[in-house]
Amino acid sequence: MSDAITPNPYAAPTSDLQQTPSNQTPSIEEALARGYDFSIGELLSESWSKVKGTKGIIIGGFLVFYVVLLAATFILGGIVGIFGALSENLFLVFVGEILISLLASALAYPFMAGINMVGIRRAADQPLNFNEIFSHFGRTVPLIITAVVMMLLIYLGMILLLIPGIYLAVAYLLAIPLVVERGLSPWQALEASRKAITQHWFKVFGLFLLLGLIVIVSAIPLGIGLVWSIPLMVVAMGVLYRTIFGVLPAAQ
């Protein structure tokens, strides 16, 4: 008698995803295929427990960003104003306003990506670094393209029937971090975010509606509560991102 084990032809097939080690970050395709679920209460509870240690980095990052943005726009606005007054050329003033807007966007989107990455790193219990906030300016162009396409589609949805615009505004929430954390192209990031959030759109909408209310209420007493509520929102987005896509090791 042979000792060889004959495969059971009636056994349920196994998938590559099921065989993936639990400590291995799934690909975007695997993450979308496996699905996910979460409890709003549990997600907020975990996020609150992780706020400690992030407040200084996030609030400090916002302060540095706004100081740099104000200084840059003030200097550029002053130069444009001087040349406009000397030449009395309205077109030059118009071009100057466009340049100021582009400068603000070039600073804002990589900064927001950095803030998102702080929340994602905290959600994954990876080391936090203040420099993380300002380390994604190398992806300024794809980030701006992502933001522009996203806003155009959301505005178009708002103009048409309102509901599609609201749907896309929520569905695209994770597009920006997908560009920097996974290196996706703008359209890939938008589609990956939309497909993932659509699986539990109403729950994600409820989560950020509640977070928005928390931020509004926390701003009432002279804005002091924002020191806690803004980091809570940042970390909550990071926990949601980790729940859906996982997080690559920081070294990558």
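Just so it is clear, the structure is predicted and the values come from calculations on it, not from any experiment.

How should the environment of Ser 135 be read in this particular structure?
Mapped onto the elements of the fold, Ser 135 is located in the loop between helix H5 (90-123) and helix H6 (140-160). Residue Ser 135 is classed as partly exposed on the basis of its relative accessible area, which comes to 45%. In this structure the side chain of Ser 135 is engaged in a polar contact, spanning 2.9 Å, whose partner is the backbone oxygen of Glu 132.

Hey, could you run me through empty space enclosed by the protein in this one?
Tallying each qualifying case throughout the model produces 1 cavity of 30 Å³ or more. Computed from the structure, the largest cavity encloses a volume of approximately 30 Å³. Ile 57, Val 118, Arg 121, Pro 127, Leu 128, Asn 129 and Glu 132 together form the lining of the largest cavity. Of the residues in the lining of the largest cavity, the class split is 4 nonpolar, 1 polar and 2 charged.

So what exactly am I meant to see when it comes to the pattern of salt bridges here?
Pairing is possible between side chains that carry opposite charge, provided their charged atoms lie close to one another. Per the stated rule, a full pass over the model turns up 7 salt bridges. In this structure, Arg 121 engages Glu 132 in a salt bridge whose closest nitrogen and oxygen atoms are separated by 3.2 Å. Here Arg 121 is found in helix H5, whereas its partner Glu 132 is found in the loop between H5 and H6, with 11 residues between them in sequence. Note on accessibility: Arg 121 and Glu 132 belong to one class, buried. Where Arg 194 meets Glu 191, a salt bridge forms, and the shortest distance between an N and an O atom there is 2.9 Å. Separated by 3 residues within a single helix, Arg 194 and Glu 191 lie in helix H9 (residues 186-198), roughly one turn from each other. Here Arg 194 falls in the partly exposed class, since its relative accessible area comes to 22%.

Cut-offs and rules
- Residues numbered from 1 in each chain as written.
- Predicted model: local features only at pLDDT ≥ 70, side-chain atom pairs only at ≥ 80, totals over all residues.
- Heavy atoms only, no water.
- Helix = DSSP H or I, 4+ residues; strand = E, 2+ residues; numbered from the N terminus.
- Buried < 20%, exposed > 50% of the residue type's maximum accessible area, 1.4 Å probe, protein only.
- Polar contact = N/O pair within 3.5 Å; in protein donor to acceptor, adjacent residues only side chain to side chain.
- 1 Å grid on protein atoms, 1.4 Å probe; cavity = no way out; pocket = protein on both sides within 12 Å on 5 of 7 lines; lining within 4 Å.
- Points joined across faces, edges and corners; volume = space filled by probe spheres on them.
- Nonpolar A, V, L, I, M, F, W, Y, C, P; charged D, E, K, R; others polar.
- Salt bridge = Lys/Arg side-chain N within 4 Å of Asp/Glu carboxyl O.

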